[in-house]
Amino acid sequence: EAAVTQSPRNKVAVTGGKVTLSCNQTNNHNNMYWYRQDTGHGLRLIHYSYGAGSTEKGDIPDGYKASRPSQENFSLILELATPSQTSVYFCASGDGMGPDTQYFGPGTRLLVL
Amino acid sequence: AQSVTQPDARVTVSEGASLQLRCKYSSSVTPYLFWYVQYPRQGLQLLLKYYSGDPVVQGVNGFEAEFSKSNSSFHLRKASVHWSDSAVYFCAVSPNSGGSNAKLTFGKGTKLSVKS
């Protein structure tokens, strides 16, 4: 069974502070993704990666950076957090072969005050 | 560009009744199609996927979906729902080239409530 874990599961941050969300996968998948989920918007893609050392911008990358230091780890970084970034963030991994089935982590709830 | 529309934000059905959740997609070529389910405070889990062949695909827990190229649709069905099916269901589409173009585009989701 695919395994994607996220930390922290809950985070309260202050406006202007730096936030790092971490994701680890044990599937040996090349592809990893960061989404945010907001009521009325479904899931929106922030950043993604096709392998260690690579990051690509998704549909809503402004205000976010990403880092993929290894096959297993993919981080999402908010350098200057804002209240509009309050959301639930999901990480996923996918093998990218044919229909890329993505396996999701349990999510991180971020509240920016 | 591809897009997904789930026209029903909320659906309520009685336990034991049949279910159809609607999904329409827009894509220049036949895409890969997926249904995911999200239970409260959990991540998304794959229910089923379609990429070619028989337009009716079977998934987990008695769910199935039917692809229609003429209608650009991929509706989800279940013959008899259980209270535990209460969740949010997402339809998603990706280009059928895999690899570097494997990004998913999600619909906004349909919240299913099953009343006993």
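Computed from a prediction, not measured in an experiment: that's the story for all the values here.

A. Layout of the overall build of chain A. A count of helical and extended segments in chain A gives zero helices and 11 strands. The linear arrangement of helices and strands in chain A, starting from the amino end, is β-β-β-β-β-β-β-β-β-β-β. Computed over its C-alpha atoms, the radius of gyration of chain A comes to 13 Å, within 12% of the 13 Å expected for a compact globule of 113 residues. Its C-alpha atoms give chain A principal-axis dimensions of roughly 40 × 30 × 25 Å. Counting only residues that meet the buried cut, chain A has 52% of its 113 residues in that class.

B. Focus on the layout of surface pockets. The space that makes up the largest pocket amounts to roughly 750 Å³. Around the largest pocket sit 30 residues that line it, and Gln 37 and Thr 39 of chain A together with Gln 38, Val 88 and Phe 90 of chain B are the ones nearest its centre. Of the residues forming the lining of the largest pocket, the biggest block, four residues, is contributed by strand E12 (residues 110–115) of chain B. Per-class residue counts for the lining of the largest pocket are 10 nonpolar, 13 polar and seven charged.

C. Spatial organisation of the state of the cysteines. Considering all chains together, one arrives at two disulfides over all chains under this definition. Residue Cys 23 of chain A pairs covalently with Cys 91 of chain A via a disulfide, S to S 1.9 Å. The S-S bond linking Cys 23 of chain A to Cys 91 of chain A shows a torsion near -75°; that makes this disulfide left-handed. Placement of the pair is Cys 23 of chain A in strand E3 (residues 19–25) and Cys 91 of chain A in strand E9 (residues 87–94), with a sequence separation of 68 residues. At a sulfur-sulfur separation of 2.0 Å, the disulfide partner of Cys 23 of chain B is Cys 91 of chain B. Between Cys 23 of chain B and Cys 91 of chain B the sulfur-sulfur dihedral comes to about -65°; the bridge is accordingly left-handed. Of this pair, Cys 23 of chain B sits in the loop between strand E3 (19–21) and strand E4 (24–26) while Cys 91 of chain B sits in strand E10 (residues 87–94); the two residues are 68 residues apart in sequence, bridging distant segments of the chain. Taking relative accessible area as the criterion, Cys 23 of chain B reaches 0% and is therefore assigned buried. Relative accessible area serves as the criterion here: at 1%, Cys 91 of chain B is assigned to the buried category.

D. Representation of the nonpolar core in the model. Among the nonpolar cores identified, the biggest contains 27 residues, and Leu 19, Trp 35, Leu 47, Leu 48, Phe 74, Leu 76 and Tyr 89 of chain B are the most heavily contacted of them. At the level of secondary structure, the elements contributing two or more residues to this core comprise strand E2 (10–14), E3, strand E5 (32–38), strand E6 (44–50), strand E8 (64–68), strand E9 (73–78), E10 and E12 of chain B. Beyond its immediate chain neighbours, meaning those up to four positions away, Tyr 89 of chain B contacts Gln 6, Leu 21, Trp 35, Tyr 36, Val 37, Leu 47, Phe 63, Leu 76, Gly 109, Thr 110 and Leu 112 of chain B. Ala 13, Leu 21, Phe 74 and Ala 81 of chain A belong to the second-largest nonpolar core, a separate cluster that totals 18 residues.

Reading the values: rules and limits
- Residues numbered from 1 in each chain as written.
- Chains lettered and ligands numbered in written order.
- Predicted model: local features only at pLDDT ≥ 70, side-chain atom pairs only at ≥ 80, totals over all residues.
- Heavy atoms only, no water.
- Helix = DSSP H or I, 4+ residues; strand = E, 2+ residues; numbered from the N terminus.
- Rg over C-alpha atoms; globule rule 2.2 N^0.38 Å.
- Buried < 20%, exposed > 50% of the residue type's maximum accessible area, 1.4 Å probe, protein only.
- 1 Å grid on protein atoms, 1.4 Å probe; cavity = no way out; pocket = protein on both sides within 12 Å on 5 of 7 lines; lining within 4 Å.
- Points joined across faces, edges and corners; volume = space filled by probe spheres on them.
- Nonpolar A, V, L, I, M, F, W, Y, C, P; charged D, E, K, R; others polar.
- Disulfide = S-S within 2.5 Å.
- Core = buried A, V, L, I, M, F, W, Y, C linked by side-chain atoms within 4.5 Å.
- Contact = heavy atoms within 4.5 Å.

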